[in-house]
Amino acid sequence: DFIDTLVSKGTDFQISIITTDSWVDVVSLITPWSADPVAEFAAGVIVGTGGSAFEKGQEYAMQALDLGSLSKSRYGREDAALSVVVVSDEDDQSPLTEIEYNDFFLTIKDPDLFFFHSITGTDTSCTSSEVGLRYITQSVMTGGNVLDICGSWGNNLTTLANSNYIISEVYPLTKIAVPGTVEVFLDGIPLVVGWHYDTGSNSVILEDKGLVVGDEMFQVMYDYLDDCPY
């Protein structure tokens, strides 16, 4: 469905597949003119589970997109949007900070043309996956989408085929919120349904993205305990 959506939209796409422990391509570049792009993509994403336990999605995404390397410069089409999609059931263990990776990504693409999408654990209710907070943070910073790896994310994967899809599901808070004080507003009007606060990831989870249909301002307000020297 993901590839068919791209093809039906007439998208001039180029897709490469790597893993979280190497920047090396798993398959040859997939394009609309590949012999069978659906079959090539389906085969390419089955990478197994024998890789390093120290997953570094942001680090190897950066290395794969390092346009300073002639061997990797094929990703540098100036007029094309660029999306990174990470699928991981663990949080990122890349050596740099999210700010540093974001700074790199925005040196190769205008902010309006770069999206970091995350398919990862989004809350602590799923015991088979860690919360991918670092991936989620990068998605929020770049206007990317977040899908819950513990849910039926395969059915929603086609949303990533639209590079302008910028309504996030997860909003990490910058301070630790005092439970019971979190409020959400849409254009200044309290939003009382369609979201919840997850204490484990300290994030607001938007359960129904259909509530945000236009250019409304999405605001989160809460009390927090500031650092105290005493």
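A short tour of the structure in this document, coming up.

Definitions and cut-offs
The residue count restarts for each chain, going from 1 along the sequence in the order it is written. This being a predicted model, a pLDDT of at least 70 is required before a residue's local features are given, and a value of 80 or more before pairs of side-chain atoms are given or counted; all residues contribute to the totals for chains, interfaces and linings. Side-chain calculation: all heavy atoms of the structure are included, whereas hydrogens and water are not. Working definition: rings of Phe, Tyr and Trp (its six-membered ring) pair if their centres are within 6.5 Å, and the pair is stacked with planes under 30 degrees apart, edge-to-face with planes over 60 apart, and tilted otherwise. Throughout this description, buried means an accessible area under 20% of the type-specific maximum (1.4 Å probe, protein chains only), exposed means over 50%, and partly exposed covers the range between. Numbering goes from the N terminus for both helices and strands, where a helix is a DSSP run of H or I of at least four residues and a strand is a run of E of at least two. Side-chain atoms within 4.5 Å are what join buried Ala, Val, Leu, Ile, Met, Phe, Trp, Tyr and Cys residues into a set we call a nonpolar core. The criterion used for residue contact is that any of the two residues' heavy atoms lie within 4.5 Å. What the arc covers is the set of directions going from the helix axis to the C-beta atoms. Pairing between strands requires that DSSP locate at least two bridges from one strand to the other. Angular values range over 0 to 180 degrees, each being the angle between N-to-C directions of two axes fitted as lines to C-alpha atoms, with helices fitted over their stretch in contact.

1. Side note on the packing of aromatic side chains
One pass over the structure, following the stated rule, counts seven aromatic pairs. Relative to F105, the ring of F104 has its centre 5.9 Å away and its plane inclined at 65°; by these criteria the two rings are edge-to-face. Of the two residues, F104 and F105, neither departs from the other in class, the shared state being buried.

2. So, the side chain of S118
Residue placement: S118 occurs in strand β2 (residues 114–120). Judged by its relative accessible area of 1%, S118 falls in the buried class.

3. Things to note about unusual backbone geometry
Across residues other than glycine, the phi torsion is negative in most instances, and most of the peptide bonds are trans. With phi around 55°, D187 is a residue other than glycine that occupies positive phi space. Inspection of the secondary structure puts D187 in the loop between β5 (183–186) and β6 (189–190). Classification of D187 by relative accessible area gives partly exposed; the value is 48%. A positive phi angle, near 50°, is found at N202, a position not held by glycine. In this structure, N202 sits in the loop between β7 (195–198) and β8 (203–206).

4. Describing the nonpolar core
Within the largest apolar cluster, 13 residues are counted, with the highest numbers of intra-cluster contacts made by L65, V84, F104, F105, F114 and F116. Residue assignment for this core shows that the elements contributing at least two residues are α3 (57–64), β1 (82–87), α4 (98–108) and β2. Of all the elements, α4 adds the most residues to this core, at four residues. Those residues in contact with F114 that lie beyond four places of it in its chain are L65, L82, V84, F105, L106, K109 and T142.

5. A word on α4
Buried within α4 we find E98, Y101, N102, F104, F105 and I108. The buried residues of α4 occupy an angular sector of 160° when projected down its axis, which confines them to one face. Turned more than 90 degrees from where α4 packs its buried face, I99 and T107 sit exposed. For α4, the secondary structure elements touched by its buried residues are α3, β1, β2 and α5 (133–142).

6. Focus on the sheet that holds β7
A sheet is described by the order of its strands in space; here three strands give the open sequence β4-β8-β7, paired in antiparallel fashion. Of all the strands in the sheet, just β4 (170–172) and β7 have a single pairing partner and so form its edges. The average angle at which neighbouring strand axes cross in this sheet is 20°, direction not considered. Sheet topology note: the β7/β8 ladder contains four bridges and is antiparallel. Along β8, the bridge assignment pairs Y197 with V204.

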